[in-house]
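Survey of secondary and tertiary structure
Each chain is listed here by its residues.
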Amino acid sequence: MSDSGDQLWERAFHKPVADLELSVALREQLDRLLRFHRAPFITRVVFIAVPHRGSLLAERFAGRIGRMLIAVPATVLTPVRLFREQAGAALAPDVLEALQEAPTSIKGLSPQNPMIQVLAEIDIDRGVPFHSIIGDRGLGGGEQSSDGVVPYTSSHLEGAESELIVPSDHAATAHPLTVLEVKRILHLHLQQAGLLSS
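A few points on the structure. (Residues numbered from 1 in each chain as written. Predicted model: local features only at pLDDT ≥ 70, side-chain atom pairs only at ≥ 80, totals over all residues. Heavy atoms only, no water.)

Overview of the overall build of the chain
- Looking only at helices and strands, the chain has nine helices and three strands in total.
- Along the chain direction, N to C, the helices and strands of the chain fall in the order α-α-β-α-α-α-α-α-β-α-β-α.
- If one aligns the C-alpha atoms of the chain with their principal axes, the spans along those axes are about 55 × 40 × 30 Å.
- Across the 198 residues that make up the chain, the buried fraction comes to 36%.
- Where the 18 positive side-chain charges of the chain centre and where its 23 negative ones centre are 4 Å apart. (Helix = DSSP H or I, 4+ residues; strand = E, 2+ residues; numbered from the N terminus. Buried < 20%, exposed > 50% of the residue type's maximum accessible area, 1.4 Å probe, protein only. Lys, Arg positive; Asp, Glu negative; His and termini not counted. Charge placed at Lys NZ, Arg CZ, Asp CG, Glu CD.)

Topic: helix α4 (residues 74-87)
- A rise of 1.5 Å per residue sets the reference length of α4, with its 14 residues, at 20 Å; its end C-alpha atoms lie 19 Å apart and thus fit the reference within 8%.
- Buried residues of α4: V80, F83 and A87, and no others. Across the axial projection of α4, the buried residues extend over an arc of 65°, all falling on one side. Away from its buried face, by an angle of more than 90 degrees, α4 presents the exposed residues A74 and E85.
- Against the buried residues of α4 lie α1 (7-13) and α2 (24-34). (Expected span 1.5 Å × (residues − 1). Arc of directions from axis to C-beta. Contact = heavy atoms within 4.5 Å.)

Observations concerning the packing of α2 against α4
- Axis separation between α2 and α4 bottoms out at 12 Å; the angle between their running directions is 125°. By the angle between their directions, the pair α2 and α4 is classed as oblique. Our pair here, α2 against α4, has a crossing hand that is left-handed. Between α2 and α4, the contacting residues are L26, Q29 and L30 on the first element and P79, F83, Q86 and A87 on the second.
- The class makeup of the residues in the contact of α2 with α4 is five nonpolar, two polar and no charged. (Axes fitted to C-alpha atoms, helices over the stretch in contact; angles between N-to-C directions. Parallel < 35°, antiparallel > 145°, perpendicular 65-115°, else oblique. Left-handed = near helix turned anticlockwise from the far one by under 90°. Nonpolar A, V, L, I, M, F, W, Y, C, P; charged D, E, K, R; others polar.)

Thoughts on unusual backbone geometry
- We note that A49 has phi near 55°; this positive angle belongs to a residue other than glycine.
- Within the element layout of this structure, A49 appears in the loop between β1 (45-48) and α3 (61-69).

A short note on the pattern of salt bridges
- Scanning all chains against the criterion turns up eight salt bridges.
- A salt bridge links R35 to D6, with the nearest nitrogen and oxygen atoms 2.5 Å apart. Here R35 is found in the loop between α2 and β1, whereas its partner D6 is found in the segment before α1, with 29 residues between them in sequence.
- Here R35 falls in the partly exposed class, since its relative accessible area comes to 23%.
- For K107, the salt bridge goes to E59, with nearest N and O atoms at 3.7 Å. Taken together, the positions of K107 in helix α6 (residues 105-108) and E59 in the loop between β1 and α3 put the pair 48 residues apart, joining distant regions of the chain.
- Judged by its relative accessible area of 26%, E59 falls in the partly exposed class.
- Three or more residues joined by partner-sharing salt bridges are found here, namely D6, D31 and R35. (Salt bridge = Lys/Arg side-chain N within 4 Å of Asp/Glu carboxyl O.)

Now the structure itself:
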């Protein structure tokens, strides 16, 4: 849905890509990790309980316990170790610090993770309409709401074609109002594509 440009590169290294002294092999490997382009076949997106800006749960006690219970395979640890060794001196200090712990999906969702911060700043292509469905367990709506895992402030995106808050925990995908909203969005998409009459 987006083009990353050099934003992830510059956040990881705090200097222009051209100024980095990296081997060709490492530069190519990093480019696959740090640069992405919009996939043209994606023409509409529905986000359901998505932590665009992370979740504080990743840094709380339950998140720390969860990270300790995850066994990260050597196929992941070895490239991370090599990356730290080969590029460590050029990395931004907070990125290097984040790489000291084995990468897990829980750690990756920390709001303090420098890469999730920059990902949240990358705009969705204007040609891709998107919709948000956000859970709220009843903490007051708006910016005070949360589904128990993801706060509204992490799920909300400016520019959404529609946003629906459903009275649900993080399992919002199973809520009847979510199902109805997804059906509505799919019908809208088919109508706009000329594949369904109104």
